[in-house]
Amino acid sequence: MKKPCCYIILLFLAVGLSSCVKDVVLDAKEEPLLSVYCVLTQDSVQTLKLSWTKGASQTEAPRVTEASAVLTDLTENSEAGRFARTSESDWQLEYAAIPGHNYRLEVTVPGRETVWAEQTMPKEVPVKSVAFAPWLPGYDPLPGYEGWLLFGTQYCSTFPCAVWAYAKNYNASSGQHEFAKDICTTFSYVDNGNLTGRVRAKMDVEDLDDPEKYQYILSGFPYHNKILRFPKCDYQTPVYFAIDGDFRGQYYHYYFDQPQPSPTQGVLYFSALSEEYDQWLYEAYQRYYAEQSSDLSSIYLRDNMYTNIHGGLGVFGAILTVPQRWERPHKTRIDPPDENDPNIRPA
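Residues numbered from 1 in each chain as written. Predicted model: local features only at pLDDT ≥ 70, side-chain atom pairs only at ≥ 80, totals over all residues. Heavy atoms only, no water.

Draft legend 1. Geometry of the pattern of salt bridges. Summed over the entire model, instances satisfying the criterion amount to 11 salt bridges. Across the pair Asp 191 and Arg 229 runs a salt bridge whose closest N-O atoms are separated by 3.0 Å. Taken together, the residues Asp 191 in the loop between strand S13 (182-185) and strand S14 (195-199) and Arg 229 in strand S17 (residues 228-230) connect sequence positions 38 residues apart. Asp 191 gets classed as buried once you look at its relative accessible area, which sits at 16%. Residue Arg 229 is classed as buried on the basis of its relative accessible area of 13%. A salt bridge links Asp 246 to Arg 248; the nearest nitrogen and oxygen atoms lie 3.3 Å apart. (Salt bridge = Lys/Arg side-chain N within 4 Å of Asp/Glu carboxyl O. Helix = DSSP H or I, 4+ residues; strand = E, 2+ residues; numbered from the N terminus. Buried < 20%, exposed > 50% of the residue type's maximum accessible area, 1.4 Å probe, protein only.)

Draft legend 2. Quick peek at the sheet that holds S13. In spatial order, the strands read S14-S16-S13-S19; together these 4 strands make up an open sheet with antiparallel pairing. Of all strands in the sheet, those bounded by a partner on one side alone are S14 and strand S19 (243-245). On average, each strand axis in the sheet is inclined to that of its neighbour by 40°, with strand direction left out of account. Looking at chain direction, S13 and S19 are connected through 3 bridges and run antiparallel. Within S19, the residue paired with Cys 184 across the bridge is Asp 244. (Pairing = 2+ DSSP bridges. Axes fitted to C-alpha atoms, helices over the stretch in contact; angles between N-to-C directions.)

Draft legend 3. Geometry of the sheet that holds strand S3 (residues 68-73). The 4 strands lie next to each other as S4-S3-S7-S8, forming an open sheet whose pairing is antiparallel. The open sheet has two free edges, formed respectively by strand S4 (78-82) and strand S8 (115-120), since each of these has just one partner strand. On average, each strand axis in the sheet is tilted by 20° relative to the strand beside it, whichever way the strands run.

Draft legend 4. The arrangement of the nonpolar core in detail. Counting 49 residues, the largest nonpolar core has Leu 48, Phe 230, Ile 243 and Phe 270 as its most contacted members. Element by element, the count of residues in this core is highest for strand S1 (residues 34-40), at 4 residues. For Ile 243, the residues in contact, after removing those within four places along its chain, are Tyr 155, Ile 183, Cys 184, Thr 185, Leu 218, Leu 228, Phe 230, Leu 268, Phe 270, Trp 326 and Pro 329. Judged by nonpolar contacts, the second largest core, of 16 residues, contains Tyr 166, Val 267, Ala 284 and Tyr 285. (Core = buried A, V, L, I, M, F, W, Y, C linked by side-chain atoms within 4.5 Å. Contact = heavy atoms within 4.5 Å.)

Draft legend 5. Geometry of the packing of aromatic side chains. Within the structure shown, the criterion is met by 22 aromatic pairs. Measuring from centroid to centroid gives 5.9 Å for Tyr 155 and Phe 241, while their planes differ by 40°, and the two rings are tilted. Residue Tyr 155 is located in strand S10 (residues 148-157), and its partner Phe 241 is located in strand S18 (residues 239-241); the two are separated by 86 residues in the primary sequence. Both residues of the pair, Tyr 155 and Phe 241, belong to the buried class. Among the aromatic residues, those joined into a cluster by ring pairs are Tyr 155, Phe 159, Phe 187, Tyr 189, Phe 230, Tyr 235, Phe 241 and Phe 270. Above the plane of the ring of Phe 179 lies Lys 168, whose end atom (NZ or CZ) is 4.8 Å from the centre. (Phe/Tyr/Trp six-rings, centres within 6.5 Å; stacked < 30°, edge-to-face > 60°. Lys NZ or Arg CZ within 6 Å of the ring centre and 35° of its normal.)

Draft legend 6. Here's a closer look at the pairing of strand S20 (residues 267-273). Of all 7 residues in S20, 7 are buried, a share of seventy percent or more. Side chains Val 267, Tyr 269, Ser 271 and Leu 273 project from S20 onto one buried face, and the interleaved Leu 268, Phe 270 and Ala 272 project onto a second face that is buried too. As paired strands, strand S11 (residues 162-171) and S20 are joined by 7 bridges and run antiparallel to one another. Opposite Tyr 166, over in S20, you have Tyr 269 as the bridge partner. Where S20 meets strand S21 (residues 313-324), 6 bridges bridge the pair, whose relative direction is antiparallel. The partner of Leu 268 across the bridge, within S21, is Gln 324.

What follows is the structure, given as structure tokens:
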């Protein structure tokens, strides 16, 4: 399965770029500044985007035609590689970032001072999926579900770093995966900056005589637009939470013995973001909704936005993404014993 981590994918995912483009006049002062966008991933190729900002008297931003970009693995004290230009604004490097390693990016253009930034690749995605069903070995219902049997998948984490989650449905007609538009969670401290105003409808488990006995856990929970952002919290003990949404078709889950999702299964993804990339992406996400612009340069080519680039603009970030199993969570009420049952003897 193709990995979901291409450059700026979470921004595309979060904003759902439309075909409408709103003109935004960028005034980054008369002297153009170098804007850098590079997000390290576990993929085999890293992408660097370079642009100049547009000066006050210029009609368009000049292109970066020549640059030297070097990625250094500070943990191993060795050069990871040099980016090669592949298009008007893109440079690429065949290299997979190593979880837990520290990196330094240096970009030099002729006649300018070197711009640089440092970044740490997340060690892991700190979220584990746990299957709940009474017949599974070691079944132990969570606190708060007394009197109920718990089914489906829950997730647990202490959130030592920011985590973003999203789902992709498989469309059999097109043969493509598509982002689930609505997603919700029971986690109390999820970021609510992208609520849609809709809630998950009450749904009862099908084909049962007593619908009040069987309930989906997230009925009535508010929907988020495509993304769940779990801020860094650093809980002392793991927090359990459930996720649901307009997840359609067969999903990658526990009842099939397979290490990775098949090409025709829907998948729920969790991404661990470095602190710098989480801050930059969250701000870009908020600006998109405030301006409703699908011109990405209107977001990252400006000097009034968070940046960790020394001597320039933009972001040098890192993200680690993994697929997680999912099965729609629901609960079943445990009926009290029937006192008239002859097989039940008094204590």
